[in-house]
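Observations on chain architecture
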Amino acid sequence: MASMMTLPQVRRFRAGLLAAAAVFVGCVENPTAQFAWRESTLDLIPEARRAVQKSMVENFGTPEDLVAWERMPVNYGGAVGSVVAPAEGVTLNPGEAAVAFEAGKPKLTADSTLLWMSGQSAAGKTATVDVLGLSDDGTLLELGGGVKASEGDKFAIDFGRQLEVGRKVYMKNCLHCHGVAGDGAGPTAKYLNPKPRDYRLGVFKFTETLATERVTRDDLWRVVKYGIPGTYMPSFLLLKDDETHAVIEYVRWLAMRGEMEKRLTDELVDYATSSIKDEYQKSKNSYDSAVASGDKSAKAPSMASLMSEAKKELATYLKEDFASTVDGTADFIAESWTRAQDPASVITPTVPRVADTEASRANGRLLYLSDKAKCYTCHGATGRGNGGATEDFWPKPGSTEKYDERGLHDVWGNVLPPRNLRLGQYRGGRRPVDVFRRIYAGIKGTPMPAFGGTVLKDEEIWDVVNYVMSLPYETESTAPAPVAPQVAVRPVQ
């Protein structure tokens with residue numbers, strides 16, 4: 001038979017976390033890292049909360065015991081192959097299997113492990129088989145514990161390796177600001193303005209994709225490599241490319257994990273303690289009104305009975321429908337993130353950039369100040385970020401309740417001053433096409449709306465780009481005469 005390389009048995013995929021030491025400095029033992037639960041999850045009654053947390057741990061694990069859920073479109077890393085019939089004349093020894101890899105012979109390490117993806121040996125999401133050797137031609141595999149596989153069974157070697165690397169890079173470089181769970185609540189976050197991004201909504205501001213689509217790997221690559229100007233997000237150009245790829249996959253995985261938790265919690269909102277209390281208060285108000293009107297037949301509401309009824313309904317739901325809710329939610333998230341990588345989701349101008357001429361800038365300025373685009377309402381008539389919208393109390397999304405502070409807010413609840421366009425700081429990238437995409441699709445998670453495809457033609461967007469990008473270089477002597485805005489600003493109802 002072909003010669004065999006021997007590899008010692010070392011580890012499983014679910015390796016221990018190495019790196020809270022990047023944050024917690026001192027002689028005491030480092031505390032165990034944990035994913036923070038959303039407030040909405042903790043607000044659920046215990047039975048509902050346990051169901052969500054159990055599902056999350058089963059499918060994503062913990063910071064020290066990660067699960068690479070195959071259903072999520074994450075490049076976890078690993079060499080995928082299948083068991084095949086041995087070549088003619090080859091006799092398999094105990095513990096050996098004839099295999100074929102999808103992308104050629106993998107490079108193994110001393111601690112390589114195997115995960116069965118299908119067949120009778122498939123055991124959930126944990127790699128439990130040690131790789132002892134691989135023939136020089138990559139056709140014969142020796143596994144610890146024997147081989148229980150049939151022809152056609154699929155497997156992956158070192159499945160999750162890239163996720164492990166990404167976690168280590170993240171814990172060393174990103175946790176301080178973005179937190180263990182990607183919730184934007186790391187140890188230094190409270191000192192920063194703007195606040196670090198909370199990935200758990202699956203929303204990233206600066207993307208090359210259409211308004212309804214997720215972020216791409218290329219978007220995250222640019223942010224990691226070059227940072228975000230005007231914020232505390234630094235450049236990580238010194239990271240090796242494989243480290244950058246790995247941490248991008250880990251951030252995507254954190255975002256999918258957070259989105260999964262939120263959507264499951266939203267599905268169970270009727271079983272939140274606050275929801276049941278609201279229902280009780282409404283019933284009590286009705287009862288008080290009935291009593292005040294002389295209705296002696298009115299029955300006083302009982303918090304205990306409402307809670308008991310909610311638990312009964314929840315038990316039925318968890319038994320009959322929760323599993324399908326988890327499956328449907330996972331499918332929706334996976335499809336959304338997969339679609340973002342489709343070239344059709346990327347904003348590509350239908351016309352080349354309009355020449356940056358005085359005429360183009362002038363037209364861009366008129367559009368900026370027009371009732372058609374209304375850019376001045378937020379960014380101000382002179383582009384200094386002091387438009388009338390900054391003085392209003394705006395309603396919260398999906399509610400008539402208004403924020404306590406004046407000005408615009410993002411979906412994370414932060415006050416969001418419009419960009420001062422005269423500073424020349426373009427957080428989403430300073431290439432003209434980056435500015436075009438900000439105008440075309442807006443900025444996700446913020447009040448910056450999308451103008452492309454409906455309000456402005458691509459040629460007009462290029463004119464606005466040319467005008468906006470000229471503002472940092474405009475002086476009093478070169479500034480056009482003031483043009484009065486055409487409409488007054490009013491909060492969106």
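A brief look at the structure comes next.

Okay, the side chain of E261 next. Within the secondary structure, E261 is located in helix 6 (residues 241–267). Among the residues examined, E261 registers a relative accessible area of 0% and is labelled buried. Separated by 2.9 Å, the side chain of E261 and the backbone nitrogen of R38 make a polar contact. Non-local contacts of E261, meaning those with residues more than four positions away in its chain, are made with A36, W37, R38, T41, V52 and M56.

Turning our eyes to something else, we now look at the packing of helix 12 (residues 432–441) against helix 13 (residues 458–470). The geometry of helix 12 relative to helix 13 is characterised by a closest axis approach of 9 Å and an angle of 120° between their N-to-C directions. With respect to helix 13, the axis of helix 12 lies oblique. Handedness of the helix 12/helix 13 crossing: right-handed. Between helix 12 and helix 13, the residues in contact are P432, V433, V435, F436, I439 and Y440 and D458, I461, W462, V464, V465 and M469, respectively. In the contact of helix 12 with helix 13, the residues fall into eleven nonpolar, no polar and one charged.

Let's shift gears to the nonpolar core. By size, the foremost hydrophobic cluster in this structure holds 58 residues, and its most contacted members are M72, Y76, Y170, W253, M260 and L268. Elements supplying a minimum of two residues to this core: helix 2 (46–60), helix 3 (161–173), helix 5 (217–226), helix 6, helix 8 (303–320) and helix 9 (322–340). Per-element accounting of this core gives the leading share, ten residues, to helix 6. One finds L367, A373, Y426 and F436 within the second-largest nonpolar core, a separate group that totals 23 residues.

Before going further, it helps to examine helix 2. Taking 1.5 Å of rise per residue, the 15 residues of helix 2 would be expected to cover 21 Å, and the 21 Å separating its terminal C-alpha atoms lies within 8% of that figure. For helix 2, the complete set of buried residues consists of A48, A51, V52, Q53, S55, M56, N59 and F60. Of the surrounding elements, those touching the buried residues of helix 2 are helix 1 (39–42), strand 2 (61–62), strand 3 (65–66), helix 6, helix 8 and helix 9. Where helix 2 ends, the next residue or the one after it, G61, has phi of about 80°, a positive value.

Quick notes on the rules
Residues numbered from 1 in each chain as written. Predicted model: local features only at pLDDT ≥ 70, side-chain atom pairs only at ≥ 80, totals over all residues. Heavy atoms only, no water. Helix = DSSP H or I, 4+ residues; strand = E, 2+ residues; numbered from the N terminus. Buried < 20%, exposed > 50% of the residue type's maximum accessible area, 1.4 Å probe, protein only. Polar contact = N/O pair within 3.5 Å; in protein donor to acceptor, adjacent residues only side chain to side chain. Contact = heavy atoms within 4.5 Å. Axes fitted to C-alpha atoms, helices over the stretch in contact; angles between N-to-C directions. Parallel < 35°, antiparallel > 145°, perpendicular 65-115°, else oblique. Left-handed = near helix turned anticlockwise from the far one by under 90°. Nonpolar A, V, L, I, M, F, W, Y, C, P; charged D, E, K, R; others polar. Core = buried A, V, L, I, M, F, W, Y, C linked by side-chain atoms within 4.5 Å. Expected span 1.5 Å × (residues − 1).

By themselves these figures say nothing about function.
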